[in-house]
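These are the residues of each chain, in order.
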Amino acid sequence: MNSAAAHAGESGLRSLPGVGPQVAQKLAAAGIQQLQDLWFWLPRGYEDRTRIAPIASLALGERVQVEGRVEAVEKGFRFRPQLKVAISDDSGETLVLRFFHFHAGQVAQLTPGAWLRCYGEVRQSGLVLEMVHPSYRRIAESERGEVAGRLDPVYPAVQGVGPARLAQLAQAALEALPPSEEFELLPAGLRAELKLPDLRQALRFVHAPPPGTDLAALTEGRHPARRRLALEELLAHHLSLRRQRVDLRRQGAPPLKARGELSRALRERLPFALTDAQQRVLGEVLVDLRAAEPMLRLVQGDVGSGKTVVAALAALHAVEAGAQVALMAPTELLAEQHFNNFRAWLEPLQIEVVWLAGKVKGRARAAALSRIAAGAGVVVGTHALMQEGVEFARLGLAIIDEQHRFGVHQRLALRDKGARGSLVPHQLVMTATPIPRTLAMTAYADLDVSVIDALPPGRTPVQTVAISTERRPEIVERIRAACAEGRQAYWVCTLIEDSDEVQAQAAQTAYEQLLEHLPEVRVGLVHGRMKPAEKAAVMQAFKAGELQLLVATTVIEVGVDVPNASLMIIENAERLGLAQLHQLRGRVGRGAARSSCALVYQPPLSRLARERLDTLRQSNDGFLIAEKDLELRGPGELLGTRQTGLVGFRIADLARDADLLPTAQRIADSLLADSPDRADRVIARWIGAAARYAGA
Ligand code: ADP
Ligand code: MG
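Model, not experiment: these values are computed from the prediction. (Residues numbered from 1 in each chain as written. Chains lettered and ligands numbered in written order. Predicted model: local features only at pLDDT ≥ 70, side-chain atom pairs only at ≥ 80, totals over all residues. Heavy atoms only, no water.)

Colleague: Could you clarify how one ought to interpret the overall build of the protein chain in this entry?
Modeller: Scanning the protein chain for helices and strands turns up 26 helices and 22 strands. Taken over the C-alpha atoms alone, the protein chain extends approximately 90 × 70 × 50 Å along its principal axes. Each of the 696 residues in the protein chain was classed as buried or not, and the buried ones make up 53%. Intrachain contacts of the protein chain at a sequence separation of at least 6 include 75% that bridge at least 24 residues. When the accessible surface of the protein chain is summed, it comes to about 30200 Å², and 51% of that surface belongs to carbon and sulfur atoms. (Helix = DSSP H or I, 4+ residues; strand = E, 2+ residues; numbered from the N terminus. Buried < 20%, exposed > 50% of the residue type's maximum accessible area, 1.4 Å probe, protein only. Contact = heavy atoms within 4.5 Å. Areas by Shrake-Rupley, 256 points an atom, 1.4 Å probe, with all protein chains shown as cover.)

As C-alpha cells, this is what we get:
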C-alpha cells in the first residue's frame, strides 16, 4: 500500500461530523474502525420514503410512509399501558398508531390537529388499520408532501449508535469515496467483460438507491450493483483463504519418508484390494506426506467409498517414518468404531493404538495421556484430543474424519497442538459430504482436494422407496421377512427436536412397539442418552449379528459400518435434509446383498419435502444429491454454519451467487499473479475489519 489513495479509507472516521471518542469506540466495537469500514457496512434493507401513501390505499403488511392529522389520542391500560393515536388524511380514512412504550413529552406533542409523518408496517386490529410503534415525526402543515429524494438504507445495528445517526455517518462517509480510478481494484480487462458497475458506482447505489429502484431486485441480490459487490466479497474471501494457505505452507512440516513396509503388510492382510480410486487418493496423500511443507488435504468420498482404510494406510506410512498419528472423529460412536478398526489392523503390526474420549476419566485418562506423551503410534478419539493436558510426543499427521462436523477452528486447534517449534503436523481431513465443485473452490480454497469417486466393487445401489406412515404394518412385515433371511435392519427414529432426551424417548417407544410386533426378532436399542459402554455393547452385538434389528436415533448417522445390514427404515423422513438422509441411507448397501431403504413420511408432504424424497428415490449419487441440496437449501446449511470461512458474508449468498464463483477465482488468479498488493487491499476492505478485530 503505497499510494495516498490506498490510505484514504484507512483513517478519517474521526473526521466525520459528530464522531468523538465515544462514538468512535462504539463503532470500533462493531468492527468499524476506518472510513472504509463504513463504506462496506452495507444496508440490510430499505425504507421507501420517496412517496406518501394515502391512508385509504394501505394494504396489509405493507411498509409505507403516511401523513395524517391527529384526530384523537387515547391513553389506556389494557393488559399493559398503551397509547393509541388516530390520524386521518385527505383520503378520509383513519389509521391508528399504537405505542406500548412512551413518555409524557411524547404524549404532550400529540395534540389533536397536529400533523404527523409516520413510517411503519400496516396491520389490522379488529376493524381498523394500525401501525405498532411506527417511526414518526411531527411536521408543520407547510411541510406536508415533502418526500425524500432517495430510498433510505437500513443498516445492521451498531450498539450505542442510533439507526438515524448511523445512516447519517454512512452517508457522510460516502462523500469521501475516492474517485473510481483510485478505488477500483479489479483488473480492467476482466471488469469490462463482466458488464457490472465499478465499485464506486455500486457502493453509491446500494447506500443511496434513487427513487423508482426495483427494491425487490436490490434486496434479493439480482441487481447489478449488488452482484458487483457480491463478486468482490466472494473474491475477498477466496483470496483470504488462499493467503492463509500460503502462510501455512510457509511453515515447515516433518517430511515423512518411509519404504511402505507397514502399509504393505496391512494391505496383504486386508480381505479386499483397494479400488483404483482409493489407490490414487492414497498416492496423492503419500506424495504430500513426504514433503517438508504441511499437507492440507481433503479427501472427499461418498458414504461407503472406503475412506477409513486410506486413512489407516496413510497412518502406517507416518508411523513407519517415525511420527505419531492422531485420528479425530466427531461422535464417540464413530471414534470408537475407528478405534476398533485401527486396533484390528495395526496391533498385529505391533503398533500401539490409544483411545481418548471425553468420557475417559481418572486413571484411564492419566494412563492414556502418559502413553500419548510417551509416543504411542496412533491415538484415536473425539474432541477430547484437543483438550488441555493432551501432549503429543511427536505428532506428524492429524487425521480428521467427517470434517464438516467440526469447525475450521477445531481443525486448526489439533494442528496447533501438534506444533513443535516451527513445524506443524500434516493434516488429512475426510468428508462424506460431497461439496459441489463451485462451492468447494470457496469453502476449501485453503485445502487440496482428492476425491474417491468410485465405490468398492460388488455394491448394488440401495433401492429407495417413500412410504406413508399409514403403511407402517407393511414395513414391519418387510423387516420380519428380511430378518428371517438372515439380513439385518436399522430403524431410525428422527426428530427435529435437538434434545437427546426427547429423541431417546421416541426411540424407546418405537423399540417397545417393535418388540411387541416382532417377538421372534432380536431387537436392540441405541440412543444418545445411553452410557458409552452400553452403546458400544449394543453396537458390538449388532455388528456380530446377535441383534437383527437396531432401533436408533440419528447417533448412527455418520460413519457407522455394519456391512451385513441391508434394510434401513427412516421415520419422519420428510423432516430431514437431503444430506442427512443420504448419510443415514449410507449405513446400508455396504455389503454384497441388495439393500433397500424405506423413507417413511407423515402425509401430507410439502413441495420441498416431496422433492427431497424424490431426489433420494432417483439417485444414490452423493454429488448429485449435494447439488440438489444446495439448490433446495442453500450452502450455509450444506456446509454447516461452523465453517467460519463462510459465515459472515455481508452481501454475497453462496447459493444465489454461485455463478460468480468461477469469475471470482479467475480474478483471484490474475491479482495474485500480477498485483498481490491489490489482493491484500481487497481482503482488507471486506474482511480486514473482522480480522483486525479478531487479531486485537
Ligand atoms: P466411508 O468412506 O463411508 O468412511 P468406510 O471406510 O467405512 O467408508 O468403508 C465402508 C466399507 O467398505 C467398510 O466395511 C470397508 O471395510 C469396506 N471397504 C473399503 N474399501 C474396500 C475395498 N476396496 N473393497 C471392498 N470393501 C472395501
Ligand atoms: Mg467414514
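Colleague: Looking at this structure, I do not really get the side chain of Q324. What am I missing?
Modeller: For Q324, the position within the fold is in strand 11 (residues 324-328). Residue classification places Q324 among the buried residues on the basis of a relative accessible area of 0%. Side-chain polar atoms of Q324 contact the backbone oxygen of I372, separated by 2.9 Å. For Q324, the contacting residues outside a window of four places in its chain are I372, G375, A376, G377, V379, F392, A393, R394, L395, G396 and L397. (Polar contact = N/O pair within 3.5 Å; in protein donor to acceptor, adjacent residues only side chain to side chain.)

Colleague: Help me understand the site of ligand 1 in this model?
Modeller: Lining the immediate environment of ligand 1, one finds 17 residues, of which G304, K307, T308, R459 and D561 sit closest. Within the contact set of ligand 1, an oxygen atom lies 2.7 Å away from a side-chain nitrogen or oxygen of R459. Coverage of ligand 1 by the protein amounts to 87% of the 570 Å² it exposes when considered alone. Its residues placed into classes, the shell around ligand 1 shows six nonpolar, six polar and five charged. (Near = heavy atom within 4 Å. Nonpolar A, V, L, I, M, F, W, Y, C, P; charged D, E, K, R; others polar.)

Colleague: How should the sheet that holds strand 2 (residues 63-78) be read in this particular structure?
Modeller: Reading across from one edge, 6-7-4-3-2-5-8 is the order of the seven strands in this open sheet, with mixed pairing throughout. Either end of the sheet is taken by a strand with one partner, and the two such strands are strand 6 (123-125) and strand 8 (135-139). For this sheet, the mean angle separating the axes of adjacent strands, direction not counted, is 45 degrees. Bridging between strand 3 (residues 80-88) and strand 4 (residues 94-99) involves six bridges; their strand directions are antiparallel. Within the sheet, the bridge partner assigned to K84 lies in strand 4 and is R98. (Pairing = 2+ DSSP bridges. Axes fitted to C-alpha atoms, helices over the stretch in contact; angles between N-to-C directions.)

Colleague: It is not clear to me how the side chain of R226 should be interpreted in this structure. Could you clarify?
Modeller: Mapped onto the elements, R226 comes out in helix 10 (residues 224-250). Comment: no salt bridge for buried R226; closest opposite-charge side chain is D657, at 6.6 Å. Other than its neighbours up to four places away in sequence, R226 contacts V206, L218, T219, G221, I651 and R656. (Lys, Arg positive; Asp, Glu negative; His and termini not counted. Salt bridge = Lys/Arg side-chain N within 4 Å of Asp/Glu carboxyl O.)

Colleague: Help me out: how do you make sense of the sheet that holds strand 15 (residues 426-431) in this one?
Modeller: By definition, the strands of a sheet pair up through backbone hydrogen bonds, in either a parallel or an antiparallel sense. Ordered in space as 12-13-11-14-15-10-16, the seven strands form an open sheet in which the pairing is parallel. Of all strands in the sheet, those with a lone pairing partner are strand 12 (353-356) and strand 16 (448-452), marking the two edges. Along the sheet, successive strands turn relative to each other by an average axial angle of 20 degrees, direction set aside. Judged from the four bridges that link them, strand 14 (residues 395-400) and strand 15 form a sheet pairing that is parallel. The residue bridging L397 from the neighbouring strand is H426, located in strand 15. The sheet contacts of helix 15 (residues 362-374) involve strand 11, strand 12 and strand 13 (378-381), and relative to strand 12 the element is tilted by about 135 degrees.

Colleague: Would you mind showing me how to read helix 15 here?
Modeller: Note: α-helices contain 3.6 residues per turn, so residues at a spacing of three or four share the same orientation. In a regular helix each residue adds 1.5 Å, so 13 residues correspond to 18 Å; helix 15 covers 18 Å between its end C-alpha atoms and thus fits that length. Buried residues along helix 15 sit against strand 11, strand 12 and strand 13. (Expected span 1.5 Å × (residues − 1).)

Colleague: Honestly, the environment of G126 in this entry has me stumped. Any pointers?
Modeller: By secondary structure assignment, the location of G126 is in the loop between strand 6 and strand 7 (128-132). In this structure, the C-alpha to C-alpha distance between G126 and H317, residues 191 residues apart in sequence, is 75 Å.

Colleague: I tried to follow the pattern of salt bridges on my own but got confused; where do I start?
Modeller: Between side chains of opposite charge, pairing is possible as soon as their charged atoms come close. This structure, assessed with the given rule, holds 35 salt bridges. Here R137 ties to E143 by a salt bridge, and the two come within 3.7 Å at their closest N and O atoms. R137 gets classed as partly exposed once you look at its relative accessible area, which sits at 42%. Each member of the salt-bridge network shares a partner with another, and the members are E47, R49, R63, E121, R150 and D152.

Colleague: Is there a simple way to think about the packing of aromatic side chains in this case?
Modeller: Scanning all chains against the criterion turns up six aromatic pairs. When the centroid spacing of 6.2 Å and the interplanar angle of 50 degrees are considered together, the rings of F342 and W345 count as tilted. Taken together, the residues F342 and W345, both in helix 14 (residues 332-346) and three residues apart, mark about one turn of the helix. Assigned by exposure class, F342 and W345 land together as buried. R49 extends its terminal NZ or CZ atom over the ring of Y119, reaching a point 4.5 Å from the ring centre. Here the guanidinium or amino end of R685 rests over the ring plane of F183, the centre of that ring lying 4.3 Å away. (Phe/Tyr/Trp six-rings, centres within 6.5 Å; stacked < 30°, edge-to-face > 60°. Lys NZ or Arg CZ within 6 Å of the ring centre and 35° of its normal.)

Colleague: Explain the packing of helix 13 (residues 307-320) against helix 14 to me, please; I cannot follow it from the model alone.
Modeller: The relative placement of two packed helices comes down to the angle between their axes together with the axis-to-axis distance. Viewed as axis vectors pointing N to C, helix 13 and helix 14 meet at an angle of 50 degrees, and their least axial separation amounts to 11 Å. Judged by the inter-axis angle, helix 13 sits oblique to helix 14. Classified by chirality, the crossing of helix 14 by helix 13 is right-handed. Across from T308, V309, A311, A312, A315 and L316 in helix 13, the residues of helix 14 making contact are H338, N341, F342, W345 and L346. Across the contact of helix 13 with helix 14, the residue classes break down as eight nonpolar, three polar and no charged. (Parallel < 35°, antiparallel > 145°, perpendicular 65-115°, else oblique. Left-handed = near helix turned anticlockwise from the far one by under 90°.)

Colleague: Would you mind going over the confidence of the model for the protein chain with me for this structure?
Modeller: Do not read the predicted coordinates in detail wherever pLDDT is low. Mean pLDDT over the protein chain stands at 87; residues scoring 70 or higher make up 91%. Note on residues 1-7: pLDDT under 50 across the span, and six contacts to partners over four residues away in sequence or across chains. This model gives residues 636-647 a pLDDT under 50, and the stretch forms 32 contacts once residues within four places in sequence are excluded. (pLDDT = per-residue confidence, 0-100.)

Colleague: Sorry, what's going on with unusual backbone geometry here?
Modeller: Trans is the prevailing form of peptide bonds, just as negative phi is the prevailing case for residues other than glycine. Along the chain, P603 connects to P604 via a cis peptide bond; the corresponding omega equals -5 degrees. Assignment of secondary structure puts P604 in the loop between strand 22 (596-601) and helix 22 (607-618). Here K195, not a glycine, exhibits a phi torsion of approximately 60 degrees, which is positive. Locating K195 in the fold gives a position in the loop between helix 7 (188-194) and helix 8 (199-207).

Colleague: Explain the pairing of strand 15 here, please?
Modeller: If a strand is regular, its side chains alternate between the two faces of the sheet. Across the six residues of strand 15, six count as buried, placing the element largely inside the fold. Neither face of strand 15 is open: one carries H426, L428 and M430, the other Q427, V429 and T431, and all of them are buried. One ladder, built from five bridges, connects strand 10 (residues 296-301) with strand 15; its direction is parallel. Residue pairing across strands places L296 opposite Q427, the latter belonging to strand 15.

Colleague: How should helix 12 (residues 276-290) be read in this particular structure?
Modeller: Over its 15 residues, helix 12 extends 21 Å from the first C-alpha to the last, a length consistent with the 21 Å expected when each residue adds 1.5 Å. Listed as buried for helix 12 are A277, Q278, V281, L282, V285, L286, D288 and L289. Viewed along the axis of helix 12, the buried residues span an arc of 165 degrees, placing them on a single side of the element. For helix 12, exposure combined with an orientation more than 90 degrees from the buried face picks out D276 and V287. Of the surrounding secondary structure, the elements contacted by the buried residues of helix 12 are helix 11 (261-269), strand 10, helix 13, strand 14, strand 15 and strand 16. (Arc of directions from axis to C-beta.)

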